[in-house]
Amino acid sequence: MPRTKDYSEEVVLAKAMIAFWEAGMNGVTTRDLSKVMGINQYSVYASFISKKDLFAKALEYYYDKFIEKGMGRPLLADKLGIQNLQKFLNQFTVDNTDKFPRGCFICNTMVDDTNKDKKVKKVIERYQVFIMSAFEKIVQSQHPEKDTAFIKNKTQILYGSLLGLIVRKRHGIEKEDVIGYIEQMMSIAR
């Protein structure tokens, strides 16, 4: 008869997410994860199959909780405009390092690029499509008369700027510099 779990998978997944967010896929051992998660290594494998699968699930969890239900909410409006971009970007002026690791777990994973897992790539692609399509709609709302190439170029510049800002946030950046990034990104979108 299988043993019943005496832990919540969501709670231990959230703990694993923080560990991976801080150190990356290769910066954490299964032993480290079991300590952080508060479960034995057997339970890690029983619940999540492998460290790779746990990493992918932690990344998905991050996307759902921190992007779709968190920071990305201003980009989920039915009719996107410049004010949605401003609300989204203003969130980067807040310093949450007392609660969470620096940067964005998904962007950190993109930069690290040590995990070529299909499930990980799928989450990264989901993130990119979400951000890029929202930015595209915002640029289109500002420039309805412009052609597709113009819209695409502005969207890519905005996305690249966002990634640059997130990488800078990971390595420490002064609030004034974040505000400068935001001002430049807003001028790109206008």
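Everything numeric in this text was worked out from a predicted model, so none of it was measured.

Peer 1: Describe the overall build of the protein, with residues and values.
Peer 2: Assigned secondary structure in the protein consists of 9 helices and 0 strands. Helices and strands in the protein line up, N terminus first, as α-α-α-α-α-α-α-α-α. Its C-alpha atoms give the protein principal-axis dimensions of roughly 65 × 35 × 25 Å. Burial status across the protein gives 42% buried among its 190 residues. In the protein, the proportion of contacts linking residues at least 24 apart, taken out of those at least 6 apart, comes to 67%. A total accessible area of about 10800 Å² is found for the protein, and carbon and sulfur atoms account for 51% of it. In the protein, which carries 30 positive and 23 negative side-chain charges, the distance between the mean positions of the two groups comes to 3 Å.

Peer 1: Quick one: what's the story with the side chain of Ser-34, residue by residue and with numbers?
Peer 2: Tracing the chain through its elements places Ser-34 in helix α2 (residues 30-37). Take Ser-34: its relative accessible area is 9%, and that puts it in the buried class. A polar contact of 2.9 Å, which involves the side chain of Ser-34, links it to the backbone oxygen of Arg-31. Those residues in contact with Ser-34 that lie beyond four places of it in its chain are Ile-39, Asn-40, Gln-41 and Val-44.

Peer 1: Tell me about the environment of Lys-175, and please be specific about residues and values.
Peer 2: Counting through the fold element by element, Lys-175 comes out in helix α9 (residues 175-189). Separated by 82 residues in the primary sequence, Lys-175 and Thr-93 have C-alpha atoms spaced 6.0 Å apart.

Peer 1: For the packing of aromatic side chains, give the residues involved together with the corresponding values.
Peer 2: Going through the model one piece at a time under the given rule, you end up with 12 aromatic pairs. Where Trp-21 meets Tyr-62, the ring centres are 4.9 Å apart and the plane angle is 75°; that geometry is what we call edge-to-face. Of this pair, Trp-21 sits in helix α1 (residues 9-23) while Tyr-62 sits in helix α4 (residues 51-71), placing them 41 residues apart in sequence. Judged by its relative accessible area of 4%, Tyr-62 falls in the buried class. Ring geometry for Tyr-62 and Phe-66: centres 5.0 Å apart, planes at 10°, overall stacked. With Tyr-62 and Phe-66 both in helix α4, this residue pair falls 4 residues apart, about one helical turn. Aromatic ring contacts, followed pair by pair, group Phe-20, Trp-21, Phe-55, Tyr-62, Phe-66, Phe-100 and Phe-105 into a single cluster. Here the basic side chain of Lys-146 rests over the ring of Phe-150, its NZ or CZ set 5.0 Å away from the ring centre.

Peer 1: Any chance you could break down unusual backbone geometry for me, citing the residues and the numbers?
Peer 2: With a phi angle near 70°, Ile-49 is a residue other than glycine that sits in the positive phi range. Positionally, Ile-49 belongs in the loop between α3 (41-48) and α4.

Peer 1: Just give me the short version of the packing of α1 against α2, but keep the residues and values in it.
Peer 2: Axis separation between α1 and α2 bottoms out at 9 Å; the angle between their running directions is 130°. Overall, the two elements α1 and α2 adopt an arrangement that is oblique. In this structure, the crossing between α1 and α2 has a hand that is right-handed. Residues Val-12, Lys-15, Ala-16, Ala-19 and Phe-20 of α1 pack against Leu-33, Val-36 and Met-37 of α2. Taken together, the residues of the contact of α1 with α2 sort by class into 7 nonpolar, no polar and 1 charged.

Peer 1: Tell me about the state of the cysteines, and please be specific about residues and values.
Peer 2: According to the stated counting rule, one finds 0 disulfides in the structure shown. Residue Cys-104 stays outside any disulfide, its sulfur separated by 3.7 Å from that of Cys-107, the closest cysteine. Owing to a relative accessible area of 5%, Cys-104 belongs among the buried residues under this scheme.

Here is what the cut-offs are and how they apply
Residues numbered from 1 in each chain as written. Predicted model: local features only at pLDDT ≥ 70, side-chain atom pairs only at ≥ 80, totals over all residues. Heavy atoms only, no water. Helix = DSSP H or I, 4+ residues; strand = E, 2+ residues; numbered from the N terminus. Buried < 20%, exposed > 50% of the residue type's maximum accessible area, 1.4 Å probe, protein only. Contact = heavy atoms within 4.5 Å. Areas by Shrake-Rupley, 256 points an atom, 1.4 Å probe, with all protein chains shown as cover. Lys, Arg positive; Asp, Glu negative; His and termini not counted. Charge placed at Lys NZ, Arg CZ, Asp CG, Glu CD. Polar contact = N/O pair within 3.5 Å; in protein donor to acceptor, adjacent residues only side chain to side chain. Phe/Tyr/Trp six-rings, centres within 6.5 Å; stacked < 30°, edge-to-face > 60°. Lys NZ or Arg CZ within 6 Å of the ring centre and 35° of its normal. Axes fitted to C-alpha atoms, helices over the stretch in contact; angles between N-to-C directions. Parallel < 35°, antiparallel > 145°, perpendicular 65-115°, else oblique. Left-handed = near helix turned anticlockwise from the far one by under 90°. Nonpolar A, V, L, I, M, F, W, Y, C, P; charged D, E, K, R; others polar. Disulfide = S-S within 2.5 Å.

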